[in-house]
Amino acid sequence: MTQQILIVEDEQKIARVLSDYLKQAGFTPCILARGDAVMPAIARQMPDLILLDIMLPGLDGMEVCRKVRRRSNVPIIMITARAEEVDRLIGLELGADDYICKPFSPREVVARVKAVLRRLHPRQTARKLVAGPLELELEQHRATVGGRRLHLTPSEFGLLALMMRRPGRVFSRGELIRQVLGYDFDGYDRTVDSHVKNLRKKIADTLPGHDIIQTVYGIGYKIAAD
C-alpha cells in the first residue's frame with residue numbers, strides 16, 4: 001500500500017503541483033483547502049504525513065498543528081510564505097517535523113517528505129537503545145523513560161536515536177541536521193535547538209530530575225554516558 005500524504009493548501013495551483021510530484025514519487029496525495037477540514041479528515045483516515053500551509057481559511061496551520069499533535073504524532077511539514085525565524089520556531093515548538101518556505105522546488109518538498117518518512121523506518125543494527133532510564137525500541141518506534149511512554153515526533157525520535165548510538169559523543173548542530181533531517185540546512189541551527197527543547201520538556205514532564213541530553217556550549221549536544 002502506498003503512503004498517503006495529506007496536502008493542506010488553499011492555493012490550488014501549488015496544491016496540484018505538489019500532488020503531481022508526489023504521485024510521480026509513488027505516494028498517494030489528498031488535497032484539502034481549509035484548515036478546519038483537517039481534523040474530520042484524519043478522523044476518517046490518518047495519513048502517513050501532512051504537508052500543512054500556515055495561512056489557511058477556516059483555521060490557521062499553527063492551530064491545526066496544535067490540534068493534530070493532541071491526537072497523533074503523524075509527521076508534519078509546515079509550508080509558509082512567512083520566512084521569519086519566529087514563525088519557524090513556533091511551528092517546531094508546536095511539534096512540526098520540518099519547515100519549508102515559499103517559493104520552493106517541488107522536488108525539494110518530495111525530498112523532505114522522503115527524509116521525514118525514512119526517520120519512521122530507519123535502517124537498524126540494533127533493536128533497542130538504552131541510556132539510563134531512556135529506552136528506544138527501534139522497530140516499534142517506541143520511546144519510554146523510566147518505563148513510561150514518551151510520545152515523540154519522528155524528528156525527535158531520530159535525534160535521540162542518533163545520539164544514543166554514541167553516548168558521550170558530542171554532535172554538532174550541523175551533524176544533527178544533516179544526519180537526522182536528511183539534508184544540508186545552512187542557517188537553521190536553532191531548528192535543532194527547538195527539537196531538543198521539546199525533547200527535554202517531554203522527558204522532564206514524564207520523569208523529572210533527569211538531564212539525559214546535555215548541552216556542550218559552542219558545539220552541540222550529547223547523551224550522557226553512563
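Model, not experiment: these values are computed from the prediction.

Thresholds applied
Residues numbered from 1 in each chain as written. Predicted model: local features only at pLDDT ≥ 70, side-chain atom pairs only at ≥ 80, totals over all residues. Heavy atoms only, no water. Pairing = 2+ DSSP bridges. Helix = DSSP H or I, 4+ residues; strand = E, 2+ residues; numbered from the N terminus. Axes fitted to C-alpha atoms, helices over the stretch in contact; angles between N-to-C directions. Contact = heavy atoms within 4.5 Å. Phe/Tyr/Trp six-rings, centres within 6.5 Å; stacked < 30°, edge-to-face > 60°. Lys NZ or Arg CZ within 6 Å of the ring centre and 35° of its normal. Buried < 20%, exposed > 50% of the residue type's maximum accessible area, 1.4 Å probe, protein only. Arc of directions from axis to C-beta. Polar contact = N/O pair within 3.5 Å; in protein donor to acceptor, adjacent residues only side chain to side chain.

Draft legend 1. Highlighting the sheet that holds strand β8 (residues 142-145). Judged by pairing direction, the sheet is antiparallel, and its 4 strands sit side by side in the order β6-β7-β8-β9 without closing on themselves. In this open sheet, the two strands that pair with only one neighbour each are β6 (128-131) and β9 (148-150). The sheet shows a mean angle of 25° between the axes of neighbouring strands, direction not considered. Bridge count for strand β7 (residues 134-137) against β8 is 4 bridges, and the pairing is antiparallel. The residue of β8 that forms the bridge with Glu-137 is Arg-142. In the packing of helix α6 (residues 154-165) onto the sheet, the strands contacted are β6, β7 and β8, and the crossing angle to β7 comes to about 110°.

Draft legend 2. Seen up close, the sheet that holds strand β11 (residues 213-216). With antiparallel pairing, 3 strands are arranged side by side in an open sheet as β10-β12-β11. Lying at the two open borders of the sheet, with one neighbouring strand each, are β10 (171-172) and β11. Pairing of β11 with strand β12 (residues 220-223) involves 4 bridges; the strand directions are antiparallel. Of the residues in β12, the one forming a bridge with Thr-215 is Tyr-221. Against the sheet, α6 touches β10, β11 and β12, its axis set at about 70° to β12.

Draft legend 3. Seen up close, the packing of aromatic side chains. A complete count under the given rule lists 0 aromatic pairs for this structure. Taking NZ or CZ as reference, Arg-169 lies 4.2 Å from the ring centre of Phe-171, over its face.

Draft legend 4. Structural view of the environment of Leu-134. With respect to the secondary-structure elements, Leu-134 resides in strand β7. A relative accessible area of 0% places Leu-134 in the buried class. Between the alpha carbons of Leu-134 and Thr-144 there is a distance of 5.8 Å; along the sequence they are 10 residues apart. If near-sequence neighbours (up to four positions away) are discounted, Leu-134 is found in contact with Leu-129, Thr-144, Val-145, Leu-150, Leu-160, Met-164 and Ile-212.

Draft legend 5. Geometry of helix α3 (residues 61-71). Every buried residue of α3 is listed here: Gly-61, Met-62, Val-64, Cys-65, Val-68 and Arg-69. Angularly, the buried residues of α3 cover 160° about the axis, an arc narrow enough to put them on a single face. Sitting at the amino-terminal end of α3 is Asp-60, which places a side-chain oxygen 2.9 Å from the backbone nitrogen of Met-62.

Draft legend 6. Region of interest: the pairing of strand β5 (residues 98-101). Here β5 shows two buried faces, one formed by Asp-98 and Ile-100 and the other by Tyr-99 and Cys-101. Across 4 bridges, strand β4 (residues 76-80) lies against β5 in parallel orientation. Among the inter-strand pairings, Ile-79 is bridged to a residue of β5, identified as Ile-100.

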